[in-house]
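# Descriptive analysis of the structure
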Amino acid sequence: MRPRKIKTGIYCVGAIDWDRRLFDALIPLPDGTSYNSYLIKGKEKTALVDTVDPTMTGVLLDNLDSLGIKKLDYLISNHAEPDHSGSIPPVLAKYPEARLVCSKLCRGLLIDRWMVPEEKFQTVEDKATLPLGGRTLEFISTPWVHWPETMSTYLREEKILFSCDFFGSHVATTDMYAGDQPYVYEAAKRYYAEIMMPYRKTIEKNLEKIKDFAVTIIAPSHGPLYDRPELIVDAYRSWVSDKPRNTVVIPYTSMHGSTRRMVAYLLDALVKKGVTVQQFDLAVTDIGKLAIALVDAATIVVGTPTVLAGPHPNVVEAAFLANALRPKLRFASIIGSYGWGGRTVEIISGMIPNLKVEVLDPVLCKGFPKEADFLALDKLAEKIAKKHRENGFA
Ligand code: FEO
């Protein structure tokens, strides 16, 4: 896409990736993504904030050409992950006079990954400023969104926060601004769930930190910009808060129908007690949808058959993911079936040390569920609903 003007002398010059469907060989991108890069012209100096994925270098360089950029004074690297740093080498080759401005930690990572010569760097600390002539950049350390080195760049005069992954969303769109469109909210929540959630306590501190800055536009490195910053900032505040909702998430797999029957029964029992339930068949689900559900849920109930003496591998993957994402879950349980034995409960319980949850009695049935199993599921639903009420989630 051609450059788009944000303000006089400030442009989006990055690339939209309509076709990408997977990130990190793991994360589904149902709606594509974008790699945002921003050009800022001062009266004396010109800066580029972040670059684009190496697969899209040509788009960025063409955009800089189309704006007649012959000299670049500063290349700001907010974050070293290759989707933003991958075009640093070709940009430095095209504009050899540019200083590469980044945090100290970022410098090391860029040298490790891209072998950037040490003399190209100008490292900056938190709160350092860089005058461009009539425009001033201020650097704000915003670590763990989702790497340790990340900073945001604030353009003082126009009050624009270039926040890199912070507030980003994987969505390809020609809309420059998010407005209040629900699809952007969903994409931003998916993005938060998949990569930010494990660092929610640090993100809470970063939200406090940016409160000190008047911001009229948030310009992240993925997805549309926010010209009503309070919408995305308020959404982040609710996602990082400690209080979950009256929701149970049930990721499950069923091989011959027994576990599926138990999941359906438990869902009905919970709904009857006023609890919202989201169930995910792990054989077919988009794991991003499961991650989104984990952002707010109070309880997770894993459903699995017993196979090879333990949980189904799909469930092992989901348990690993939930443990790694560290959602604010407060309760957990396991339901499922077995033929003659196994160590399902023991194995899953050992896989979730990061979840600070109270484990409620599991319900495992032999073969197909029978009356006693359904009664046990009723008791589990009653216990979950009671726990939610007692903790003020319902
Ligand atoms: Fe979009 Fe962490 O890179």
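Just above, that's the structure.
Here we summarise the structure given alongside this text. As the structure is a prediction and not an experimental result, all values here were calculated from the model.

Conventions used here
- Residues numbered from 1 in each chain as written.
- Predicted model: local features only at pLDDT ≥ 70, side-chain atom pairs only at ≥ 80, totals over all residues.
- Heavy atoms only, no water.
- Pairing = 2+ DSSP bridges.
- Helix = DSSP H or I, 4+ residues; strand = E, 2+ residues; numbered from the N terminus.
- Axes fitted to C-alpha atoms, helices over the stretch in contact; angles between N-to-C directions.
- Phe/Tyr/Trp six-rings, centres within 6.5 Å; stacked < 30°, edge-to-face > 60°.
- Buried < 20%, exposed > 50% of the residue type's maximum accessible area, 1.4 Å probe, protein only.
- Lys NZ or Arg CZ within 6 Å of the ring centre and 35° of its normal.
- Contact = heavy atoms within 4.5 Å.
- 1 Å grid on protein atoms, 1.4 Å probe; cavity = no way out; pocket = protein on both sides within 12 Å on 5 of 7 lines; lining within 4 Å.
- Points joined across faces, edges and corners; volume = space filled by probe spheres on them.
- Nonpolar A, V, L, I, M, F, W, Y, C, P; charged D, E, K, R; others polar.
- Salt bridge = Lys/Arg side-chain N within 4 Å of Asp/Glu carboxyl O.
- Parallel < 35°, antiparallel > 145°, perpendicular 65-115°, else oblique.
- Left-handed = near helix turned anticlockwise from the far one by under 90°.
- Lys, Arg positive; Asp, Glu negative; His and termini not counted.
- Core = buried A, V, L, I, M, F, W, Y, C linked by side-chain atoms within 4.5 Å.
- Domains from an automatic or database assignment.
- Arc of directions from axis to C-beta.

With respect to topology, five strands assemble into an open sheet ordered 12-13-14-15-16, the strand pairing being mixed. Bordering the open sheet on either side are strand 12 (129-131) and strand 16 (217-220), each of which pairs with just one other strand. Going from strand to strand, the sheet's axes swing by 20° on average, the running direction of each strand aside. When strand 14 (residues 151-155) meets strand 15 (residues 160-164), the two strands line up antiparallel, connected through three bridges. Bridge assignment links Tyr154 to a residue of strand 15, and that residue is Leu161.

A word on the packing of aromatic side chains. The full count for this structure, using the stated rule, is eleven aromatic pairs. On the basis of an interplanar angle of 35° and a centroid distance of 4.6 Å, the ring pair of Tyr265 and Phe374 is categorised as tilted. Of this pair, Tyr265 sits in helix 8 (residues 258-272) while Phe374 sits in helix 12 (residues 371-390), and the two are 109 residues apart along the sequence. Using a relative accessible area of 16% as the deciding quantity, one classes Phe374 as buried. An aromatic cluster of three or more residues is present, and its members are Phe166, Phe167, Tyr185, Tyr192, Tyr236 and Trp239. We note Arg113 situated over the ring of Trp114; from NZ or CZ to the ring centre the distance is 4.0 Å.

The spacing of Phe374 and Tyr236 is 138 residues in sequence and 39 Å in space, taken between C-alpha atoms. If we skip the residues at most four places from it in the chain, Phe374 touches Arg261, Tyr265 and Pro369.

Attention now moves to empty space enclosed by the protein. A probe matching the size of a water molecule, rolled over the atoms, marks out where space remains unfilled. For the coordinates displayed, the defined rule picks out three cavities of 30 Å³ or more. Taken as a whole, the largest cavity spans an internal volume of roughly 150 Å³. Contributing to the lining of the largest cavity are 19 residues, with Arg4, Ile16, Ser34, Asn36 and Gly223 lying nearest its centre. Elements with a minimum of two residues in the lining of the largest cavity: strand 3 (15-17) and strand 6 (33-35). Partitioning the lining of the largest cavity into residue classes produces ten nonpolar, six polar and three charged. The volume enclosed by the second largest cavity comes to roughly 100 Å³.

Right, let's get into the pattern of salt bridges. Side-chain pairing between opposite charges can occur once the charged atoms of the two side chains come close. Overall, the coordinates contain 25 salt bridges when judged by the stated rule. In this structure, Arg20 engages Asp53 in a salt bridge whose closest nitrogen and oxygen atoms are separated by 3.4 Å. Of this pair, Arg20 sits in the loop between strand 3 and strand 4 (22-23) while Asp53 sits in the loop between strand 8 (46-49) and helix 1 (57-66); the two residues are 33 residues apart in sequence, bridging distant segments of the chain. Under the relative-accessibility criterion, Arg20 is labelled partly exposed at 21%. Classification of Asp53 by relative accessible area gives buried; the value is 9%. In this structure, Arg135 and Glu158 form a salt bridge, with 2.8 Å as the shortest nitrogen-oxygen distance. Of this pair, Arg135 sits in the loop between strand 12 and strand 13 (136-141) while Glu158 sits in the loop between strand 14 and strand 15, and the two are 23 residues apart along the sequence. Both residues of the pair, Arg135 and Glu158, count as buried. Each of the salt bridges in this network shares a partner with another, and the network as a whole consists of Arg200, Lys201, Glu204 and Asp242.

For the rest of this paragraph, the subject is the sheet that holds strand 11 (residues 121-123). Pairing within the open sheet is mixed, and its seven strands lie in the order 1-2-7-8-9-10-11. Every interior strand has two partners, whereas the edge strands, strand 1 (4-7) and strand 11, have only one. For this sheet the average axis-to-axis angle between neighbouring strands, irrespective of direction, equals 25°. Here four bridges tie strand 7 (residues 38-41) to strand 8, and the two strands are oriented antiparallel to one another. Residue pairing in the sheet places Leu39 in a bridge with Leu48 of strand 8.

On to the packing of helix 8 against helix 12. It is at 9 Å that the axes of helix 8 and helix 12 come closest, and there the two elements cross at 40°. Comparing their axes, helix 12 and helix 8 come out oblique. Considering how the two elements wind past one another, helix 8 and helix 12 form a crossing that is right-handed. Contact residues: helix 8 offers Arg261, Met262, Tyr265, Leu266, Ala269 and Leu270, while helix 12 offers Phe374, Leu377, Asp378, Leu380, Ala381 and Ile384.

Right, let's talk about the side chain of Glu81 for a bit. As for its placement among the helices and strands, Glu81 is situated in the loop between strand 9 (74-76) and helix 2 (82-85). Buried and unpaired, Glu81 has Arg20 as its nearest opposite-charge partner, separated by 7.6 Å. Among all residues touching Glu81, those that are not within four sequence positions of it are Phe23, Asp24, His146, Trp147, Glu149 and Asp165.

If you look at the biggest cluster of nonpolar residues, it comprises 55 residues, and the most contacted ones within it are Phe167, Tyr192, Ile203, Ile232 and Tyr236. No other element matches the seven residues that helix 5 (residues 182-196) contributes to this core. Each of two domains, domain 1 (4-240) and domain 2 (248-386), supplies a minimum of three residues to this core. With residues near it in sequence (within four places) discarded, Phe167 still touches Leu161, Leu207, Ile210, Ile218, Pro220, Tyr226, Ile232, Val233 and Tyr236. With 27 residues, the next largest nonpolar core counts Leu60, Ile69, Leu92 and Cys102 among its residues.

Below, the discussion takes up helix 1. Turning to helix 1, its buried residues are Thr57, Leu60, Leu61, Asn63 and Leu64. The buried residues of helix 1 all sit within an arc of 160° when viewed along its axis, so they share a single face. Just downstream of helix 1, Gly68 is the residue with a positive phi angle, here 75°.

This is a description of form; function is not addressed.
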